[in-house]
Structures are given as C-alpha cells and as structure tokens.
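One letter stands for each residue in the lines below.
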Amino acid sequence: MNFFETEKPIGVFDSGIGGLTVVKRLLSTLPNENIVYFGDTARVPYGSKSNETVIEYSLQDAQFLINKNVKLIVVACNTASSVAIPALREKFKVPIIEMIGVGSQAAVKASGNGKIGIIGTRATINNQAYSRAITKINDAIKVYESACPLFVPFAEEGWIDHPATKLVAKEYLSSLKEAGIDTLVLGCTHYPILANTIQEVVGDNVRLIDSGVAAADQVKKEIERMAIGARSSVPGNLDFYVSDLPQKFSEIAELFLGRKISNVHRIDPEVLQTILH
Ligand code: DGL
C-alpha cells in the first residue's frame, strides 16, 4: 500500500449531528486518521422516513464521501445501517462499516442471561434490524425492542439529566426492564449522550452497549487487515460537511464530540440530489 493510499481519510456519514458520537470513539481508537464527516442536517431525521427514502439518501451521502476520496466508509447512522447496507455495498467498492452487526456482536458477548434489549428510532425498530442480526448469531437469545423517538430531540437540546428525559425514559424502557434484560443496545447515534439517565432507569445490573465503540474497533481491525492505516504520527485532520446551515451544527457539536469544532462547510442539498453516477 503506498503512502498516498494510507493517508486518505475515513469517511463517516449520518443523518445529522448524532454521528459525532461515533467520530468521538474513532478519535480515541484511531487518533492519527484523517476523517471527513457528512451530516445530512437538511434532511434529518431519517428515523421516521421510508426505507426507500433512507436508501436513496444514504447512497447520495456515501457518494459525497467517495468524491472526497475516502478509503473506508462508516455508516454511523443506525437507521441507515438498518436498511441501506446491501445497496451501499453493491454500489461502492470501499469497505463499509455499519452499526447493527458490530453492536449485535458486542451485545451477544456481553449478555449472561440471553435477554437483550434494543432501543432505536422507529425505522430501526420497525425493520427489526438488530433482532435479526442477534438471532442470526444465536437464535436462543430473546430480543426485546422499543422505539424511543423523543430521545433524539432531548439529546440535541442537551437535556442530559433533565427530569423530562427521565420521565420519558421510564415510559420507553419499562417493558424492557420488566422483561429482565441484562444488556441494552443504544441503537441510535444520539443515545450515548443520554446514557447516564438510561442507566439510572434500567438499573446498574443492565449493561449498556454503545454501537459506536464496537464500530470504532471494527474500523481499526479492517484498516489493519487491509494495511491502509495512516502512517502519520500526528493527530489527523477533521473536516465536517453538512447540508443545512453550519452554525447550529457547530454550536451543539461539542456535546456530541467532546470538543469544539470550527471547520464546518455547507453542501447544498440540491447538489446531493444529482450526485449519484
Ligand atoms: N442518526 C439516527 C440514527 O442513528 C437518529 C436521527 C434520525 O432519526 O435521523 O438512527
């Protein structure tokens, strides 16, 4: 592998800002990699859209990253991961890392009693993406799912320890708690932000799985296997692109990424509509 190939960026896309929780994990696992992030902030949320629309948008998002010359794509959005992976793998030749498979593997490994809870957007839960992936690994495992759509705006508001978040969490999570789960997959980019409240509600004996951690480990394995890891010994560059105004993205990015960002560029969503070739 020549030097030029190894220094190509890793591309990450999400429906909006939530994918920064995955970038945060990538930065701690692979600090010297260059990263290009695309957040489709003009067309978020994906979690309440049809599979056809999410597939179409995901193909456009990935094409945008391919045009940035990325060496690998991380589909940080769980909703996109739950429906668009076959279409993405058919169209693009670069390795594609998604959230469902890696999160499911981590959950199966963590569970002692074989009862796993999944929370995600309506689309992720309706597609039963996690339960299918878990059953494929071990069909004796019982999976309990709950869509938690209100967690997304709460996280974006920064309502991390807010009483309203706790109230809603109790409502969403009570059936999973009653089912006796010992492992809970945070199957949406935003949920790691609310992990403390979620943990408080489900209790300390339930292990939370952050699919972003599992995805970062998988990216590391993949780039080592393909010998395409950055050779540089200095922190990589981070470039951010969004399809709506960059200002709001920059303002709340710190909550999701754990650091301030400034270099956010805007892509006109009309450009995305015609990007595929
Ligand atoms: N990024 C989405 C996910 O992980 C959450 C936000 C949305 O609905 O687009 O499923």
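Here we take up the sheet that holds strand β8 (residues 207-210). Taken in spatial order, the 4 strands line up as β6-β5-β7-β8 in an open sheet, and their pairing is parallel. Strand pairing shows two members of the sheet lacking a second neighbour, β6 (142-147) and β8, which therefore form its edges. In this sheet, neighbouring strand axes are inclined to one another by 25° on average, regardless of whether the strands run parallel or antiparallel. Relative to strand β7 (residues 183-187), strand β5 (residues 115-120) runs parallel, the two being bridged by 5 bridges. Residue pairing for β7: I116 is matched across the bridge by T183. Along the sheet face, helix α12 (residues 211-225) touches β7 and β8 and points at about 50° away from the line of β8.

Glancing now at the pattern of salt bridges. All chains considered together, the criterion is met by 10 salt bridges. The residue R43 makes a salt bridge to D61 at a minimum N-O spacing of 3.5 Å. Within this pair, whereas R43 is found in the loop between β2 (35-39) and α3 (51-67), its partner D61 is found in helix α3, the two being separated by 18 residues in sequence. Taking relative accessible area as the criterion, D61 reaches 0% and is therefore assigned buried. Close ionic contact of R225 with E222 constitutes a salt bridge, the shortest N to O distance being 2.8 Å. Here the residue R225 and the residue E222 both occupy positions in helix α12, the gap between them amounting to 3 residues, near one helical turn. Residue class for E222 comes out buried when judged on its relative accessible area of 13%.

The rules we used
- Residues numbered from 1 in each chain as written.
- Predicted model: local features only at pLDDT ≥ 70, side-chain atom pairs only at ≥ 80, totals over all residues.
- Heavy atoms only, no water.
- Pairing = 2+ DSSP bridges.
- Helix = DSSP H or I, 4+ residues; strand = E, 2+ residues; numbered from the N terminus.
- Axes fitted to C-alpha atoms, helices over the stretch in contact; angles between N-to-C directions.
- Contact = heavy atoms within 4.5 Å.
- Salt bridge = Lys/Arg side-chain N within 4 Å of Asp/Glu carboxyl O.
- Buried < 20%, exposed > 50% of the residue type's maximum accessible area, 1.4 Å probe, protein only.

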